[in-house]
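Structural characterization, general
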Amino acid sequence: QAFAAAVKGRDKPSVGVGIRGYRRGARDLVTAVNADGPAAAQGVKANDFLTNVDGRPTHDWSLEQLVAQVRGTENSSVTLALLRNGQSLQVVVPRKRIAREAVDAKLLKSDQHTYGYIRLQDFMNDKACDKTAAAMRKYRAQGTQGWVLDLRGNTCGSITIPVCVPGLSLRPPPLAESFSLHRQL
């Protein structure tokens, strides 16, 4: 029940800067930047380390504290200190309403092949499997010959998502199967 409550509504917009990340040791790694978000517009990139927020070091903050400091009131700004390839930089990023998309999908075409590219960005999103299935149906109808399933930057979430998504294209046999350990003899 606690997990269901945590994931419910993760596909709804929130106010922030449009980055995702996780703690790596005592540093906070930016794992993904929304391409159309305010952080991307200010030059924040995946693989940047976030070292300070509004002049305060983040190394001893909990994830909840970090998220609370980066998010805030819409149209206010936050100053992020970053470490990129050993170089320090500082950016001022406006906070905007950010749509959190669980799935980014597109068709990749060459002269000879057509592939569906699906980036599963959020295992915690309870609509990820449905959105992936919809993208796969759409691109199958356009002659997709294969799939690229991109899971980069996805740090945690529901086990049902990584089991469900490959199962959409790998039938039969299933990638994973659930069964009861109790048998009738």
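Residue numbers restart at each chain and count upward from 1, following the sequence in its written direction. Owing to the predicted nature of the model, reporting of local features is limited to residues with pLDDT of at least 70; listing and counting of side-chain atom pairs is limited to 80 or more, with chain, interface and lining totals taken over all residues. The side-chain figures draw on all heavy atoms in the structure; neither hydrogens nor water molecules are used.

Let us now look at the overall build of the protein. Helix numbers and strand numbers start at the N terminus; a helix is a DSSP run of H or I with at least 4 residues, a strand a run of E with at least 2. Secondary structure assignment for the protein yields five helices and 11 strands. Contacts spanning at least 24 positions in sequence make up 56% of the contacts within the protein whose residues lie at least 6 apart. Accessible surface, the protein as shown: approximately 11500 Å² in total, 52% of it carbon and sulfur. For this analysis, residues touch if any pair of their heavy atoms sits within 4.5 Å. Every accessible area reported is derived by Shrake-Rupley at a probe size of 1.4 Å, with residue values counting cover from the shown protein chains alone.

Glancing now at the nonpolar core. A general trend in soluble globular proteins is that nonpolar side chains are found buried together. Residues Leu50, Val53, Val70, Leu80 and Val93 are the most contacted members of the largest nonpolar core, which totals 14 residues. Counting only elements with at least two residues in this core, the list comes to β4 (49–53), α3 (63–70), β6 (77–84) and β7 (87–94). Tallying contributions element by element places β6 first for this core, with three residues. The residues contacting Val70, other than those within four sequence positions of it, are Val17, Leu50, Val53, Val78, Leu80 and Arg95. Here, nonpolar core refers to any group of buried Ala, Val, Leu, Ile, Met, Phe, Trp, Tyr and Cys residues whose side-chain atoms link them within 4.5 Å. The cut-offs for exposure are 20% and 50% of the maximum accessible area for each residue type, with area from a 1.4 Å probe on protein chains only; residues under the lower value are buried, those over the upper are exposed, and the others partly exposed. Counting residues in hydrophobic clusters, the runner-up holds eight residues, among them Ile118, Ala128, Ala135 and Met136.

Note on definitions: salt bridges are taken to be side-chain nitrogens of Lys or Arg within 4 Å of carboxyl oxygens of Asp or Glu. Inspection of the entire model under this criterion finds three salt bridges. Across the pair Arg23 and Asp28 runs a salt bridge whose closest N-O atoms are separated by 2.8 Å. Accessibility expressed as a relative area gives 31% for Arg23, which makes it partly exposed. With relative accessibility at 4%, the residue Asp28 sits in the buried group. Its salt-bridge partner being Glu74, residue Arg97 comes within 3.6 Å of it at the nearest N-O pair. Separated by 23 residues along the polypeptide, Arg97 in strand β8 (residues 96–98) and Glu74 in the loop between α3 and β6 bring together distant segments of the chain.

This part covers the sheet that holds strand β10 (residues 114–120). Spatial ordering of the open sheet is given by β9-β10-β11, a layout of three strands whose pairing is mixed. With partners counted over all chains shown, the strands left at the sheet margins are β9 (103–109) and β11 (146–150), one partner each. Put simply, the sheet's adjacent strands are angled 20° from each other on average, direction ignored. As paired strands, β10 and β11 are joined by five bridges and run parallel to one another. Only strands that DSSP links by at least two bridges are regarded as paired with each other. Helix axes are fitted only over the stretch in contact, all axes being lines through C-alpha atoms; the angle between N-to-C directions runs from 0 to 180 degrees.

The next point concerns a nonpolar patch on the surface. Patches were defined on residues exceeding 30% relative accessible area and lacking a salt bridge, with like-charge contacts within 9 Å and nonpolar side-chain contacts (Val, Leu, Ile, Met, Phe, Trp, Tyr) within 5 Å. Together, Leu108, Tyr115 and Val148 line one region of the surface with nonpolar side chains, adding up to about 220 Å² of accessible area. Residue Leu108 is classed as partly exposed on the basis of its relative accessible area, which comes to 35%.

Attention now goes to the environment of Gln121. Along the chain, the position of Gln121 falls in the loop between β10 and α4 (128–140). For Gln121, a relative accessible area of 15% corresponds to the buried category. Taking the C-alpha atoms as reference points, Gln121 and Ala32, separated by 89 residues in sequence, lie 8.5 Å from one another.

The next thing to look at is the confidence of the model for the protein. Put simply, the protein has an average pLDDT of 78, and 72% of its residues get 70 or more. pLDDT expresses how confident the predictor is about each individual residue, on a scale running from 0 to 100. Ignoring residues within four places in sequence, the model shows residues 1–9, a span with pLDDT below 50, making eight contacts including any to other chains. Here residues 171–185 is a poorly scored stretch, pLDDT under 50, and it has three contacts once near neighbours within four places are set aside; other chains count.

Any Phe, Tyr or Trp ring, taking Trp's six-membered ring, that has another such ring centre within 6.5 Å forms a pair; planes under 30 degrees apart are called stacked, those over 60 apart edge-to-face, and the others tilted. For the structure shown, the criterion picks out zero aromatic pairs. Criterion for a charge above a ring: Arg CZ or Lys NZ at most 6 Å from the ring centre, at most 35 degrees from the ring normal. Geometry around Tyr117 places Lys106 over its ring, the cationic atom sitting 5.4 Å from the centre.

Another point: the side chain of Asp28. Counting through the fold element by element, Asp28 comes out in strand β3 (residues 27–33). A distance of 2.8 Å separates the side chain of Asp28 from the side chain of Arg23, its partner in a polar contact. Not counting residues within four places of it along the chain, the set of residues in contact with Asp28 comprises Tyr22, Arg23, Asp48, Phe49, Leu50, Thr58 and Leu66. Throughout this description, a polar contact denotes any pair of N or O atoms lying within 3.5 Å of each other; where both atoms belong to protein, one of them has to be capable of donating a hydrogen while the other can accept it, and for residues adjacent in sequence the pair is counted only when both atoms sit in side chains.

Next up on the list: the pairing of strand β2 (residues 19–24). Two strands pair when backbone bridges link them, and β2 and β3 are joined in this way by six bridges, in the antiparallel orientation. Residue pairing in the sheet places Tyr22 in a bridge with Leu29 of β3. Here β2 folds back onto β3 in antiparallel fashion, the turn holding two residues, of which Gly25 has a positive phi close to 70°.

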